[in-house]
Amino acid sequence: GLNYRHKIALRRVRDRGDRIFGAASRDPPQPVGWSNRTPSPGGRLHHLRVASLQYFLRPVATFNAFADQVRSLVETAADYKARLVVLPEYFAVQLLTLGDIKRPMPEQIRDLASQADAVTEVLSQAARESEVWLVGGTIPVLVDGKIRNESRILAPDGGWHFQRKLHMTRFERVEWQVAPGKGLK
C-alpha cells in the first residue's frame, strides 16, 4: 500500500486539482477543447493517462514521411487511452535530414524554424484526429530576429498555445545560437 508520504503527496495533487477544476460539489470550469471521453462523477478529472513518447530520429525522405510518423505515434498513444501525449524536446530535428546536413548548424536551425508552422499543423491535425491533448516537444522558431526553442501545446480541438524555453543549455546557446524566452505564458 501507500506509505504516509505518498498519501500526503496524493492529497496535495487532489487539492490542487480541486483548485483548478473546482470542488466535486460544483461544476468545474471547462478548458478549451475539454473532452469527456473519460467521464467522471461531477465532471472532475480523477485520472489522466499520459503517454510520453520515445521518438526514433531517423532520416526522412519527405516532410510527409515525418508527418506520418508523428500522426502514427499519437494515434497509437490514443489507442492506449492516453489523454495527454508528450513528444520529446527537439523531435523535429529529424527534418534536418531533408536539407544539406553539412551546412553550419545555425543555418540548419534557421531552416528548421521556417518549418514551425507546417509542424504545428501536423501536430494540430494529430491532436484533433486522436482527440488528445498534445505537448508537441519543441521546435526552433524565429522571433524578433532570434531563434528561440518553443513548445506547442495542442488541444483536442486543434487549438494551441506555446511556451518558450527559458534556460538554454550551453550547446543550444553556443552551437545552435538559440536565445531564451522571456517568462512563463
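Above: the structure in question.
Residues numbered from 1 in each chain as written. Predicted model: local features only at pLDDT ≥ 70, side-chain atom pairs only at ≥ 80, totals over all residues. Heavy atoms only, no water.

Once that is clear, we can look at the packing of aromatic side chains. For the structure on display, the rule yields five aromatic pairs. Ring plane angle 55 degrees and centroid distance 5.6 Å describe the contact between Phe 63 and Phe 66, whose orientation is recorded as tilted. Separated by three residues within a single helix, Phe 63 and Phe 66 lie in helix H2 (residues 63-79), roughly one turn from each other. Residue classification places Phe 63 among the partly exposed positions, given a relative accessible area of 21%. When the centroid spacing of 5.9 Å and the interplanar angle of 20 degrees are considered together, the rings of Phe 66 and Phe 91 count as stacked. Residue Phe 66 is located in helix H2, and its partner Phe 91 is located in the loop between strand S2 (84-87) and helix H3 (105-113); the two are separated by 25 residues in the primary sequence. Residue classification places Phe 66 among the buried positions, given a relative accessible area of 0%. Residue classification places Phe 91 among the buried residues on the basis of a relative accessible area of 2%. Put simply, the rings of Tyr 55, Phe 63, Phe 66 and Phe 91 pair up and form one aromatic cluster. (Phe/Tyr/Trp six-rings, centres within 6.5 Å; stacked < 30°, edge-to-face > 60°. Helix = DSSP H or I, 4+ residues; strand = E, 2+ residues; numbered from the N terminus. Buried < 20%, exposed > 50% of the residue type's maximum accessible area, 1.4 Å probe, protein only.)

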